[in-house]
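# Overview (structure and organization)
Residues per chain are reported as follows:
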Amino acid sequence: MEKMPYQPHLDQPAPSAISSNWRDALPVLAGKIVTLRELELTDAPALFAMLTPEEVSRFISPPPTTIEGFERFITWARAERAAGRYACFAVVPHGMNTAVGLFQVRQLEPDFATAEWGFALGSAYWGKGMFIDAGEMVVDFAIETLGVRRLEARAAVVNGRGNGALRKLGAVQEGVLRRSFFKNGQHLDQMLWSILSEEWREARAVFGRGIVH
Ligand SMILES: CC(C)(COP(=O)(O)OP(=O)(O)OC[C@H]1O[C@@H](n2cnc3c(N)ncnc32)[C@H](O)[C@@H]1OP(=O)(O)O)[C@@H](O)C(=O)NCCC(=O)NCCS
C-alpha cells in the first residue's frame, strides 16, 4: 500500500521539532530565579528534608520515607526517563547547589500526547515565585520537547496552594474527580486541570510567557 504523505497539523509540532535527546539526559533549564536539572543521587538527603514534612506531603502521593528511599526513587526516575516515559526535574534556586523540590511529567499515553504533571517545593520556598518560574519552563519543555498536546494536573480540592498555583499559571479547571485520591484514611475529591498546547503557544506568542492570569 502506498504511504500517505505527511500532513502537518497546525496544532502539533512537526516530528522534527520534537527532540529525543532528553531520553539521554534532561536539559539544564535556567529561569529567572531557579534552574531545573536532572535529579542526581546526591539530591536524596535534600529532597528527603524538603518533601517529607506533613505540610508538603499531606495532599500528594506519599513520598519515600527515608534517604535511601529517595535514592531508589531517583534511580527509578532516571531509568524511566531513559525509557522515554517520564521526566523529573530538580528545582535549584540560583545561588544554591541543593534541590528544594521537583517537577515531574509522566506520559498517560504512548509518545506523551497526553501527560500528567506534578510538583512539590520545600515549604520554606513557597510564595517566592519559584513555582511560576519553574512551572513555565516545565510546561514549555513538556509541549515543545516531549510533544505534549494536553497536560493534565490533579490537585486535591482542599489543596489551596496547589490549585492556586495551577490557576495562576493559566491551567483550566475541568471538573471534580469525586473521591479519587486516597490519603490518610480518606477518599478526597480532586480538581482536574489541563493546559492545551495550542492555548499555551498562543499565550506565549502574545505575552511572551505562559497563560499567567
Ligand atoms: C504547590 C506548590 C509547588 C506551589 O508553590 P507555591 O510557591 O506555594 O505557589 P505560589 O505561592 O506561587 O502560588 C500559590 C497561589 O495559591 C494561592 N493560595 C494559597 N492558599 C490558597 C487557598 N487556600 N485557596 C486559594 N488560593 C490559595 C496563593 O495566594 C498563591 O497565589 P498568589 O501568588 O496569586 O497570591 C507548593 O505549595 C507545594 O509544594 N505544595 C505542597 C505539594 C503540593 O501540594 N503539590 C501540588 C500537588 S497538585
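For the structure given in this document, a descriptive report is provided here. (Residues numbered from 1 in each chain as written. Predicted model: local features only at pLDDT ≥ 70, side-chain atom pairs only at ≥ 80, totals over all residues. Heavy atoms only, no water.)

## Focus: the overall build of the chain
Check the secondary structure of the chain and you find 6 helices and 8 strands. Secondary structure elements in the chain, listed N-terminal to C-terminal, are β-β-α-α-α-β-β-β-α-β-α-β-β-α. Once local pairs closer than 6 in sequence are excluded, the contacts in the chain between residues at least 24 apart make up 63%. A total accessible area of about 11,300 Å² is found for the chain, and carbon and sulfur atoms account for 55% of it. (Helix = DSSP H or I, 4+ residues; strand = E, 2+ residues; numbered from the N terminus. Contact = heavy atoms within 4.5 Å. Areas by Shrake-Rupley, 256 points an atom, 1.4 Å probe, with all protein chains shown as cover.)

## Brief notes about the packing of helix H1 (residues 44–51) against helix H3 (residues 67–82)
It is the contact of H1 with H3, at a shortest axis distance of 8 Å, that shows an interaxial angle of 110°. Considering their axes alone, H1 and H3 lie roughly perpendicular with respect to each other. Crossing handedness for the pair H1 and H3: right-handed. Contact with H1, carried on its side by Ala44, Pro45, Leu47, Phe48 and Leu51, involves Ile67, Phe70, Glu71 and Ile74 of H3 and no other residues of that element. The residue inventory of the contact of H1 with H3, partitioned by class, reads 8 nonpolar, no polar and 1 charged. (Axes fitted to C-alpha atoms, helices over the stretch in contact; angles between N-to-C directions. Parallel < 35°, antiparallel > 145°, perpendicular 65-115°, else oblique. Left-handed = near helix turned anticlockwise from the far one by under 90°. Nonpolar A, V, L, I, M, F, W, Y, C, P; charged D, E, K, R; others polar.)

## Quick notes on unusual backbone geometry
Backbone geometry at Asp111 places phi at a positive 70°, although glycine is not the residue there. You can see Asp111 is positioned in the loop between strand S4 (101–107) and strand S5 (114–121). Exposure remark for Asp111: the relative accessible area of 62% places this residue in the exposed category. Positioned with a positive phi, Asn184 is a non-glycine residue whose angle comes to about 50°. In this fold, Asn184 is placed in the loop between strand S7 (172–183) and strand S8 (186–196). (Buried < 20%, exposed > 50% of the residue type's maximum accessible area, 1.4 Å probe, protein only.)

## A few points about the nonpolar core
Core analysis: the largest hydrophobic core is formed by 55 residues, its most contacted members being Val105, Trp117, Leu151 and Ile195. Among the elements that make up this core, the one with the highest residue count is helix H4 (residues 130–146) (11 residues). Those residues in contact with Val105, other than ones at most four positions away along the chain, are Arg85, Tyr86, Ala87, Phe112, Ala115, Glu116, Trp117, Val138, Ala142, Leu146 and Leu151. (Core = buried A, V, L, I, M, F, W, Y, C linked by side-chain atoms within 4.5 Å.)

## What to know about the side chain of Arg81
The residue Arg81 is located in helix H3 in this model. The class of Arg81 is buried, set by a relative accessible area of 6%.

## Section: H1
Along H1, the positions that sit buried rather than exposed are Ala44, Ala46, Leu47, Met50 and Leu51. An end-on view of H1 places all buried positions within 160° of arc, on one side of the element. On its buried side, H1 packs onto helix H2 (54–57), H3, S4 and S5. (Arc of directions from axis to C-beta.)

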